[in-house]
Amino acid sequence: MSRAASAPPAARTVAPLVFVVALLSASGCRRDRPVPRDLAPGTFRLTPQTLSAGSDNFLGLPARWRYKTIDAPTDAAEDDGARFAAPGVDDSKWPTLDLRLPEGLPRAGESERVVWLRLHLTVDKALFGRALAVIVAHFEPLRVYLDGRRLADFRDREMWGETPVWVRFRRSEHVVAIRLRTRYSVKLARMFGYSGVAFSVCTPKTARWWSNIRAGGRRLHYFAIGLASAMALIHLLLFIFIRREERLVSGGDGPTPEAVRVNLYHAIAIVGVVVMAYSTITSASGPTVPQLMRYMYAFSVGVAVAVLGGIRMIYALYPDAAKAPYGSARQRFWLFFALMLPTALLSPWIPRTVLYVAVGLTLVDQTLVLLRALIAHSRGALTIAIGALVWAGLSAVSMLIDSQVLSFEQMPPYVYLYGFLTLIGSVSLTLARSAARDRRDLARQLLEIRELSESTLAQQRELSLERVARQALEAESERKKLQLAEAETRAALYAEVEQVNRELRDATGMLVQSEKMAALGGLVAGVAHEVNTPMGAIRSMQDSLSRALARLTQQLAADHPALASDAAVSESLASVAAARAAIAREADRIEEIVKRLRSFARLDQAALKAVDVAETIDDALALARHQIGPDVTVERDIGELPKLRCYPRQLGQLFLHLLVNAGQALEGVDDGTIWVNARHDSDAKAIVVRVRDNGPGVPADLRERLFEPRVGRGGGSGLGLAVCRRIAAEHGGSIEHVSDDRDEGGATFELRLPIDEARA
């Protein structure tokens, strides 16, 4: 048949010699030509029409052959097996198979077997006396018999019977027998998925036509190998020179940037393609089966090198497009490296499909990167995409030829090589255009520098002619610069002084506010102390009044019953009793107020102490009540709170400011309400206090500066919220304006105070 028929069927993805797949057709994806139904198994009618099928005859005669498998005989007994070639052998009970679509020659483990194949050939009378070519394509040594006579013995080369055997048929009935020794069938089936033999009969014209196609394909392969090798060498030299220039410009020996390595990666990918093409064409030049396996091993390694080089080149060429949510470019490259290289190295022992699955994964990733580069309008992405599209289209054409959708007469079988050269050329063109653009930009910059230098020299000449005038101008300019600098310095000093004064005023205000609170605490404590003395007298007199009233009532009832029953006297006694009860009730109220005043002042609790936060909130509510106003409703919702280690006076001051701030916001608001909520956040280990009002809220322009001194919510001194934030910060907490409820109005302030369990 043809020496070009040795590439494995999986090679059609990258560099197939498609006619070997057409001959051996192991992939099963090609068009099946049915065997004529009027012929019994093991027979075939050779007519002028079957010879006019052109290249289809090279797939083997469309007939089912009868076969028989026997143990391999010894060399001395090999001739004894020739009895199966005789025309009179009864082969009617032999099983059949189609050599054009090898169903798999019978195998028995790794042992060597002999397979006899027989076909009864009926020759049309129109072919009597014509010279016809018998061509046999095979992997293993075989003998061909015609009517019991040895027609050819293909033993020197264990791959191909390339030279046609010429025959002239003189009668109608003939028997063709083939003796095949299946030495490597198991290994070939494991490595390539097929093994076998194809037998065809054709005219001299068809044989010459096929020989021309084979020779043209070989020349095209060598041309592609030479051109690709030259391009790989060019890109390797470009990498070396560009890296040297890059290091000279940068003045260092640091790592080479990825953008500089693009030419190296492209050269590596081209080297992989060269190895693939060379191993393919060499494997089609009639090697032995062990040599074929070594060539295909080199082919697998070339696939891995080409794919890995192409991946790294695409990642380096389009680093932004190489970013993906399923891993960085570096991670994906090393993942593909760990997947492909071992698969290629182990290709003789594992199915070749695994390698091509890995290749498919890398091609999907490269396609996604190229699509993202196209969407981003990256430089050269369209050129590379066109080259990849041409490569994919021509490879598809080769596969259509391989699958017999297109015949060899309609399209040359090696168009995929043009696709490879187009893809390599598109990448090289992109790299060349990128280098040209870089050089053009550099030339433009040099031109701008040259023009700038010439302009500078002209200015220097003009300045030298006007040096005296220039010196005067420079002196005047220097004086103005000094004046400007002095003015800028004064302005900066004024601004700094103004800032210091502002900070001093704020600090003074906060200090005054703090002193006011301290003085208020002292005053409250003094008032509470002074009120206690008259309260003691009131309590004592109220008690004396109660006892005296009781004795008077008893005495009147005992000594003057008539007077005791008098209505005026009873009414007077009742008025005295009511007055005594009112005095007792108001005295209790005064004592409660004094208690809250003393609790708020806490003059004896200036140091850190564990206090009850709920009680401190209640004290602040009692003190702020007269400032909030009687028309404002205060709703208190306080859960179970742990003790908080803090400065009691400062904590009370903080709550008082928050309540007064809410009360000021409710001035002029009907049905004003203040909500006080306190909870223990066990997850955050903090006490969370929220104070909310239904007032007008915080203006949008004040929210960012709400806690700055002299800002506030527009009322009071503007220091209350600033003091609150300072006290919260001193206790390791925070206070924030968290929301504005636009449906109900108002504002919410959230205070968080951490709980120090170790100190509580």
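Computed from a predicted model, the values in this text were never measured in an experiment.

Colleague: Requested: an account of the overall build of the chain, with residues and values cited.
Modeller: For the chain, the count of helices and strands is 16 helices and 17 strands. Within the chain, the proportion of its 760 residues that are buried is 44%. Entry remark: accessible area of the chain is about 39000 Å², with carbon and sulfur atoms responsible for 58%.

Colleague: Before we move on, could you go through the pattern of salt bridges and cite the residues and values that matter?
Modeller: In total, this model carries 15 salt bridges according to the counting rule given. Ionic pairing is found between arginine 143 and aspartate 153, a salt bridge with its closest N-O pair at 3.3 Å. Of this pair, arginine 143 sits in strand E6 (residues 142-146) while aspartate 153 is found in strand E7 (residues 149-154), placing the two residues 10 residues apart along the sequence. Judged by relative accessible area, which is 6%, arginine 143 ranks as buried. Residues joined in a network through salt bridges with shared partners are Asp681, Arg690, Glu750 and Arg752.

Colleague: Before we move on, can you summarise the side chain of serine 279 with the specific residues and values?
Modeller: Note on placement: serine 279 falls in helix H5 (residues 258-283). One polar contact links the side chain of serine 279 to the main-chain carbonyl oxygen of valine 275, over a distance of 2.9 Å. Among the polar contacts made by the side chain of serine 279, one reaches the main-chain carbonyl oxygen of methionine 276 at a distance of 2.9 Å. When residues no more than four places from it in sequence are discounted, the contact partners of serine 279 are Tyr295, Met296, Ala298 and Phe299.

Colleague: Before we move on, can you summarise the packing of aromatic side chains with the specific residues and values?
Modeller: Inspection of the entire model under this criterion finds 7 aromatic pairs. Both rings, one in phenylalanine 84 and one in tryptophan 116, keep their centres 5.8 Å apart while their planes meet at 50 degrees; by these two values the pair is tilted. Of this pair, phenylalanine 84 sits in the loop between strand E2 (64-71) and strand E3 (96-98) while tryptophan 116 sits in strand E4 (residues 113-123); the two residues are 32 residues apart in sequence, bridging distant segments of the chain. Each member of the pair, phenylalanine 84 as well as tryptophan 116, carries the same accessibility label: buried. Seen from their ring centres, phenylalanine 333 and tryptophan 334 are 5.3 Å apart, and the 70 degrees between their planes marks the pair as edge-to-face. Residue classification places phenylalanine 333 among the buried positions, given a relative accessible area of 9%. By the ring-pair criterion, three or more aromatic residues cluster together here, those being Phe84, Trp94, Trp116 and Tyr145. Against the face of phenylalanine 333 rests arginine 312, its NZ or CZ located 4.7 Å from the ring centre.

Colleague: Please give an account of the pairing of E6 that cites residues and values.
Modeller: Along E6, 5 of the 5 residues are buried, which leaves the element largely enclosed by surrounding structure. Going residue by residue along E6, you find Leu142, Val144 and Leu146 tucked away on one face and Arg143 and Tyr145 tucked away on the opposite face as well. Summarising the sheet, E6 and strand E9 (residues 173-182) pair through 5 bridges and their orientation is antiparallel. Bridge pairing in E9 links leucine 142 to leucine 180. Sheet analysis places E6 next to E7, joined by 5 bridges and oriented antiparallel.

Colleague: Tell me what's going on with the side chain of threonine 673, and back it up with residues and numbers.
Modeller: Take threonine 673: it is sitting in strand E14 (residues 673-681). Among the polar contacts listed, one links the side chain of threonine 673 to the backbone oxygen of aspartate 671, at a separation of 3.4 Å.

Colleague: Break down the nonpolar core for me, with residues and values.
Modeller: By size, the foremost hydrophobic cluster in this structure holds 53 residues, and its most contacted members are Ile270, Val303, Ile311, Tyr315, Tyr318 and Met340. Contributing elements (two or more residues each) for this core: helix H4 (204-250), H5, helix H6 (289-317), helix H7 (329-345), helix H8 (352-375), helix H9 (381-402) and helix H10 (415-465). If you tally residues by element for this core, the top one is H6, at 14 residues.

Colleague: An account of a nonpolar patch on the surface is requested, with residue identities and associated values reported.
Modeller: On the surface, a cluster of nonpolar side chains totalling about 340 Å² of accessible area is made up of Leu233, Leu236, Leu237 and Phe241. Topologically, leucine 236 is positioned in helix H4. For leucine 236, a relative accessible area of 33% gives the class partly exposed.

Colleague: Could you give an account of the confidence of the model for the chain, naming the residues involved and the relevant values?
Modeller: Regions with low pLDDT should not have their predicted coordinates read in detail. In this model, the chain carries a mean pLDDT of 75, and residues with pLDDT of at least 70 account for 74%. Taken together, the stretch residues 1-35 has pLDDT below 50 and engages in 142 contacts with residues farther than four places along the chain or on a different chain.

Colleague: Quick one: what's the story with the packing of helix H14 (residues 613-628) against helix H15 (residues 648-665), residue by residue and with numbers?
Modeller: At a closest axis distance of 8 Å, the pairing of H14 and H15 adopts a crossing angle of 45 degrees. Here H15 runs oblique to H14, going by the angle between their axes. For the pair H14 and H15, the sense of crossing is right-handed. Contacts between H14 and H15 involve Val613, Thr616, Ile617, Ala620, Leu621, Leu623, Ala624, Gln627 and Ile628 from the first element and Leu651, Gly652, Phe655, Leu656, Leu659 and Val660 from the second. Tallied by class, the residues present in the contact of H14 with H15 amount to 12 nonpolar, 3 polar and no charged.

Colleague: Provide a residue-level description of H15, including the pertinent values.
Modeller: For H15, spanning 18 residues, the distance from its first C-alpha to its last is 26 Å, which sits close to the expected 26 Å at 1.5 Å a residue. Counted residue by residue, H15 has 15 buried out of 18 residues, so it is predominantly covered.

Colleague: Could you give an account of unusual backbone geometry, naming the residues involved and the relevant values?
Modeller: Despite not being glycine, aspartate 671 shows a phi value in the positive range, around 55 degrees. Among the residues examined, aspartate 671 registers a relative accessible area of 68% and is labelled exposed. With a phi close to 55 degrees, lysine 685 is a non-glycine residue in the positive phi region.

Colleague: Hey, could you go over the packing of H15 against helix H16 (residues 720-730) for me, with residue numbers and the actual values?
Modeller: Interaxial distance between H15 and H16 falls to 9 Å at its minimum, and their mutual angle equals 145 degrees. Like other packed secondary-structure pairs, H15 and H16 cross with a definite hand, here left-handed. In this structure, H15 uses Gln650, Gln653, Leu654, His657, Leu658 and Asn661 to contact H16, whose residues at the interface are Gly720, Leu721, Val723, Cys724, Ile727, Ala728 and Glu730.

Colleague: An account of H16 is needed here, citing residue identities and associated values.
Modeller: Along H16, the positions that sit buried rather than exposed are Gly720, Leu721, Ala722, Val723, Cys724, Ile727 and Ala728. Among the residues trailing H16, glycine 732 stands out with phi positive, at a value near 75 degrees.

Colleague: Can you lay out the environment of threonine 280 for me, pointing to particular residues and giving the numbers?
Modeller: Locating threonine 280 in the fold gives a position in helix H5. For the pair threonine 280 and phenylalanine 299, spaced 19 residues apart in sequence, the C-alpha to C-alpha distance is 7.0 Å.

Colleague: How would you summarise the environment of aspartate 90 if you had to cite specific residues and measurements?
Modeller: By the secondary structure assignment, aspartate 90 is in the loop between E2 and E3. Its relative accessible area of 59% is what places aspartate 90 among the exposed residues. Polar contacts involving the side chain of aspartate 90 include one to the side chain of serine 92, which spans 2.8 Å.

Quick notes on the rules
Residues numbered from 1 in each chain as written. Predicted model: local features only at pLDDT ≥ 70, side-chain atom pairs only at ≥ 80, totals over all residues. Heavy atoms only, no water. Helix = DSSP H or I, 4+ residues; strand = E, 2+ residues; numbered from the N terminus. Buried < 20%, exposed > 50% of the residue type's maximum accessible area, 1.4 Å probe, protein only. Areas by Shrake-Rupley, 256 points an atom, 1.4 Å probe, with all protein chains shown as cover. Salt bridge = Lys/Arg side-chain N within 4 Å of Asp/Glu carboxyl O. Polar contact = N/O pair within 3.5 Å; in protein donor to acceptor, adjacent residues only side chain to side chain. Contact = heavy atoms within 4.5 Å. Phe/Tyr/Trp six-rings, centres within 6.5 Å; stacked < 30°, edge-to-face > 60°. Lys NZ or Arg CZ within 6 Å of the ring centre and 35° of its normal. Pairing = 2+ DSSP bridges. Core = buried A, V, L, I, M, F, W, Y, C linked by side-chain atoms within 4.5 Å. Patch = residues over 30% accessible without salt bridge, like charges linked within 9 Å, V, L, I, M, F, W, Y side chains within 5 Å. pLDDT = per-residue confidence, 0-100. Axes fitted to C-alpha atoms, helices over the stretch in contact; angles between N-to-C directions. Parallel < 35°, antiparallel > 145°, perpendicular 65-115°, else oblique. Left-handed = near helix turned anticlockwise from the far one by under 90°. Nonpolar A, V, L, I, M, F, W, Y, C, P; charged D, E, K, R; others polar. Expected span 1.5 Å × (residues − 1).

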